[in-house]
Amino acid sequence: MDIDVDGVAQQVSTGRLPGWDRVEALVREAHQTYSSATAGAVADYIPVLAAADPELFGLCVAEVDGGLHQVGDAEVTFSIQSISKAFVYALVCETFGHEEVLERVGVNNTGLAFNSVMAVELNGGHPRNPMVNAGAIATTAMMPGATPAEQWQQIRDGLSRFAGHPLELDEEVYRSEAATNLRNRAIGRLLQSYGRIAVDPLEVVDTYTRQCSLRVSARDLAVMGATLADGGVNPLTGERVVSAQVCTDTLAVLASTGMYENSGEWLFEIGLPAKSGVSGGIVAIAPGKGALGTFSPRLDAAGNSVRGQRAAAHLSRTLGLNVFASTARSPERQEQDR
Ligand code: GLU
């Protein structure tokens, strides 16, 4: 496919998923294989998250043509948490463009915890990337809107367009996090002290806390991811949410920073841009093909869902999703190329 960026025609090559029945069978197989995994622990630093049922397990693959393959608890909703960062980033990129967002938020991994204060200090007050809390709070501050209420409305509407239906705020999660997010408030103040946030940082952190409390399902995550996989067009509604260039930028950031401190290992094992959140969701995107949404609340030490990662590894291999996959040409192709 040819796309035109800055007047330069570019060739884009992504490939296809296997046929419908094969995808359906493999999604079921992944669910069955990993539904007995009990490693990891449910997050509890936001009090209400500790009450999640650790046995919930949902998977959904959304194809770019709108086909959905879902199994298990794929329609159970949970708070989106950090996965919201990916989509708010895309909305801000859509408004401000590549260069300005790069300058203001950065794209490099910190190698430190998602809520690290030290990462901000070590970088002279400049957030390192939009997937850690400092960068995400700075990104939320950039959302269009004259007031925090307008910015929140824009975020909610934007994420709803990615999902293809109105997303609801989980009031209980919002209240629980708002009562305990002292660290995020400290990060907001720190960014303000470095002149990185021009508006009231506590209001920005409040909007950020709301965005993290939007309810989604594994199915929603798959559709949101498939929108990024299809150049910004929602596969269910057909609506263009962001440009193809914004998708490319967002996916590159997710590849290097989306899975907390294990982003490198994830890329090494699974080979897909992805984002996870502490409530147990993961979205993994296969450009041009579709996306996988997973939900299972038990997390590993880095904060990534254990069952979700295993299912993603399985499906990346069996569906042929790894963007770094390299194989020798077939004998027929070698013959043709002679
Ligand atoms: N709202 C959470 C926080 O800021 C998101 C954490 C996450 O999912 O990584 O602490």
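First, a word on what this report is: a plain description of the structure on this page. Predicted, not measured: the structure shown is a model, and the values here were computed from it. (Residues numbered from 1 in each chain as written. Predicted model: local features only at pLDDT ≥ 70, side-chain atom pairs only at ≥ 80, totals over all residues. Heavy atoms only, no water.)

1. Structural notes on the packing of helix H7 (residues 171–178) against helix H9 (residues 201–212)
Our working rule: Every angle, taken between N-to-C directions, lies between 0 and 180 degrees, and every axis is a line fitted to C-alpha atoms, over only the stretch in contact when it is a helix. The numbering of helices and of strands both runs from the N terminus, where a helix is a DSSP run of H or I of at least 4 residues and a strand a run of E of at least 2. Geometric relationships in this document are graded by angle, where less than 35 degrees denotes roughly parallel, more than 145 denotes roughly antiparallel, 65 to 115 denotes roughly perpendicular, and other angles denote oblique. A crossing counts as left-handed when the near helix is turned anticlockwise from the far one by less than a right angle, and as right-handed when that turn is clockwise. Any two residues whose heavy atoms approach within 4.5 Å at even a single point are treated as in contact. Throughout this entry, Asp, Glu, Lys and Arg are counted as charged residues, while Ala, Val, Leu, Ile, Met, Phe, Trp, Tyr, Cys and Pro are counted as nonpolar. The remaining residues, Gly among them, count as polar.
Close contact between H7 and H9 brings their axes to 9 Å; oriented N to C, the two are set at 140°. The orientation of H7 relative to H9 falls into the category oblique. The interaxial crossing formed by H7 with H9 has right-handed handedness. Contacts from Tyr-174, Glu-177 and Ala-178 of H7 reach H9 at Asp-206, Thr-209, Arg-210 and Cys-212. For the contact of H7 with H9, the class distribution of residues is 3 nonpolar, 1 polar and 3 charged.

2. Thoughts on the nonpolar core
Nonpolar side chains tend toward joint burial in soluble globular proteins. The condition that has to hold: Only buried residues count toward a nonpolar core. Its members are Ala, Val, Leu, Ile, Met, Phe, Trp, Tyr and Cys residues joined through side-chain atoms within 4.5 Å. Partly exposed describes any residue whose relative accessible area lies between the buried limit of under 20% and the exposed limit of over 50%, with all areas from a 1.4 Å probe on protein chains only and scaled to the type maximum.
Counting 50 residues, the largest nonpolar core has Phe-87, Leu-159, Phe-162 and Met-224 as the members making the most contacts within it. Those elements giving two or more residues to this core turn out to be strand E4 (58–63), helix H2 (83–96), helix H3 (98–105), helix H6 (148–163), helix H10 (218–229), helix H11 (244–257), strand E9 (281–286) and strand E10 (290–295). Counting residues per element, this core draws most heavily on H2, which supplies 9 residues. Discounting chain neighbours no more than four positions away, the residues touching Met-224 are Ile-80, Phe-87, Leu-159, Phe-162, Ala-163, Leu-167 and Val-216.

3. Here's the deal with the pattern of salt bridges
Counted only if it meets this: Put simply, a salt bridge is a Lys or Arg side-chain nitrogen that is within 4 Å of an Asp or Glu carboxyl oxygen.
Applying the stated criterion to the full structure yields 13 salt bridges. Glu-24 is the salt-bridge partner of Arg-28, the closest N and O atoms lying 3.2 Å from each other. With a gap of 4 residues between them, Arg-28 and Glu-24 both fall in helix H1 (residues 20–34), about one helical turn apart. On the basis of relative accessible area, Glu-24 is assigned to the partly exposed category, the value being 21%.

4. Focus: the packing of aromatic side chains
The criterion, for reference: The aromatic pairing rule takes the rings of Phe, Tyr and Trp, using the six-membered ring of Trp, and pairs them if the centres are within 6.5 Å, calling planes under 30 degrees apart stacked, those over 60 edge-to-face and the rest tilted. Two limits define a charge over a ring: the Lys NZ or Arg CZ must be within 6 Å of the ring centre, and within 35 degrees of the ring normal.
If you walk through the whole model with that rule in mind, you get 4 aromatic pairs. Each ring, one from Tyr-45 and one from Phe-114, has its centre 6.0 Å from the other, and the planes form 55°; the classification is tilted. On the criterion of sequence distance, the pair formed by Tyr-45 in the loop between strand E3 (41–42) and E4 and Phe-114 in the loop between H3 and helix H4 (118–122) is long-range, its members being 69 residues apart. Judged by its relative accessible area of 43%, Tyr-45 falls in the partly exposed class. Aromatic ring contacts, followed pair by pair, group Tyr-45, Phe-114 and Tyr-260 into a single cluster. Note that Arg-104 overlies the ring of Phe-96, its terminal NZ or CZ placed 5.7 Å from the centroid.

5. With respect to unusual backbone geometry
Even without being a glycine, Gln-81 presents a positive backbone phi close to 50°. Overall, the relative accessible area of 3% leaves Gln-81 in the buried class.

6. Quick look at the site of the ligand
So the rule is basically this: When we say a residue is near a molecule or strand, we mean one of its heavy atoms is within 4 Å of it. Polar contacts here mean pairs of N or O atoms no more than 3.5 Å apart (in protein, one a potential hydrogen donor and the other a potential acceptor; neighbouring residues in sequence count only if both atoms are side-chain atoms). Here, Shrake-Rupley sampling with a 1.4 Å probe gives the accessible areas, and only protein chains in the shown set may cover a residue.
Residues in contact with the ligand, as listed here, are Tyr-45, Gln-81, Ser-82, Phe-114, Asn-133, Glu-177, Asn-184, Tyr-208, Cys-212, Tyr-260, Gly-277 and Val-278. The separation between an oxygen atom of the ligand and a polar side-chain atom of Tyr-45 is 2.6 Å. Gln-81 places a side-chain nitrogen or oxygen 2.7 Å from a nitrogen atom of the ligand. Taken by itself the ligand offers 300 Å² of open surface, and the protein chains cover 99% of this.

7. Here's the deal with the state of the cysteines
Here a disulfide denotes a covalent bond joining the sulfur atom of one cysteine to the sulfur atom of another. Selection rule: The term disulfide is used for any two cysteine sulfur atoms that are within 2.5 Å.
Taken as a whole and judged by the stated rule, the model has 0 disulfides. Free cysteine: Cys-60, not disulfide-bonded; nearest cysteine sulfur from Cys-247 at 18 Å. What makes Cys-60 buried here is its relative accessible area of 0%. Lacking any disulfide linkage, Cys-212 is separated from the closest cysteine sulfur, that of Cys-93, by 17 Å. Overall, Cys-212 belongs to the buried group, its relative accessible area being 1%.

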